[in-house]
Amino acid sequence: MNPAKWGDAYPTCGTGRSQSPVDIRGPFEKATQKLKLEYSPMPLKVLNNGHTLQVNADPGNRLVIDGEAYDLLQFHFHRPSEERLDGKPAAMVAHFVHKNAAGKLVVLGVLLAEGRENAVVRSIWSNAPRAESAEVVIPGVAISPALMMPGKLDYFSYEGSLTTPPCTEGVTFFILKSPVPFPGSRSRHFRSS
């Protein structure tokens, strides 16, 4: 079932008014929300769902937005990035999916640019299942999502939707402006999203 037919089975995918991903173009309003990451090391729990790798988070990792906590559920990858900046995608994006106590979803997007090694990405690539699989817990391997973040949390923000069915709207996206390097030539797990 390709994206052109999603609207047949999931009406919001075809008729929604705030669908993601988007092409981020200026001019921009000044960002006013303060983001604070409270990520700590956690066991590597990874699955290959057939089109991307997903890392499931342990409780206690969260994003705090203006004092309100959103728990990290999981993060996954899209290659190239789903979001575009002035019409151009990044080599890849990691979407960190969070939910607050009321069920509101927030996605923190980290753009990845081909470059030097990143220890977290290397751990995921080295231990991820090569074929479609259920979640695998990698014994003795811990990762810290904080090490996948750029030094500054400057961002673009918009209201959008889940990028796969059911395309539920009301999801807030924070796309970090500064890309993080990853070893692009070794990323064999991914097809285009």
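Residues numbered from 1 in each chain as written. Predicted model: local features only at pLDDT ≥ 70, side-chain atom pairs only at ≥ 80, totals over all residues. Heavy atoms only, no water.

The next thing to look at is the overall build of the protein chain. Each helix and strand counted, the protein chain has three helices and 14 strands in total. Computed over its C-alpha atoms, the radius of gyration of the protein chain comes to 16 Å, within 12% of the 16 Å expected for a compact globule of 193 residues. Once the C-alpha set of the protein chain is aligned to its principal axes, its extents read approximately 45 × 40 × 35 Å. For the protein chain, long-range pairs separated by at least 24 residues make up 64% of all intrachain contacts whose partners lie at least 6 apart in sequence. Summed over all atoms, the accessible surface of the protein chain reaches about 10100 Å², with 50% contributed by carbon and sulfur. In the protein chain, which carries 21 positive and 18 negative side-chain charges, the distance between the mean positions of the two groups comes to 6 Å. (Helix = DSSP H or I, 4+ residues; strand = E, 2+ residues; numbered from the N terminus. Rg over C-alpha atoms; globule rule 2.2 N^0.38 Å. Contact = heavy atoms within 4.5 Å. Areas by Shrake-Rupley, 256 points an atom, 1.4 Å probe, with all protein chains shown as cover. Lys, Arg positive; Asp, Glu negative; His and termini not counted. Charge placed at Lys NZ, Arg CZ, Asp CG, Glu CD.)

Applying the stated criterion across every chain yields a total of six salt bridges. A salt bridge links Asp23 to Arg25, with the shortest nitrogen-to-oxygen separation between them at 2.8 Å. Between Lys45 and Asp58 there is a salt bridge, with its nearest N and O atoms 2.6 Å apart. Of the two residues, Lys45 sits in strand E3 (residues 42-48) while Asp58 sits in the loop between strand E4 (53-56) and strand E5 (62-65), which places them 13 residues apart along the sequence. Linked through salt bridges whose partners overlap, the residues forming this network are Lys36, Glu38 and Arg62. (Salt bridge = Lys/Arg side-chain N within 4 Å of Asp/Glu carboxyl O.)

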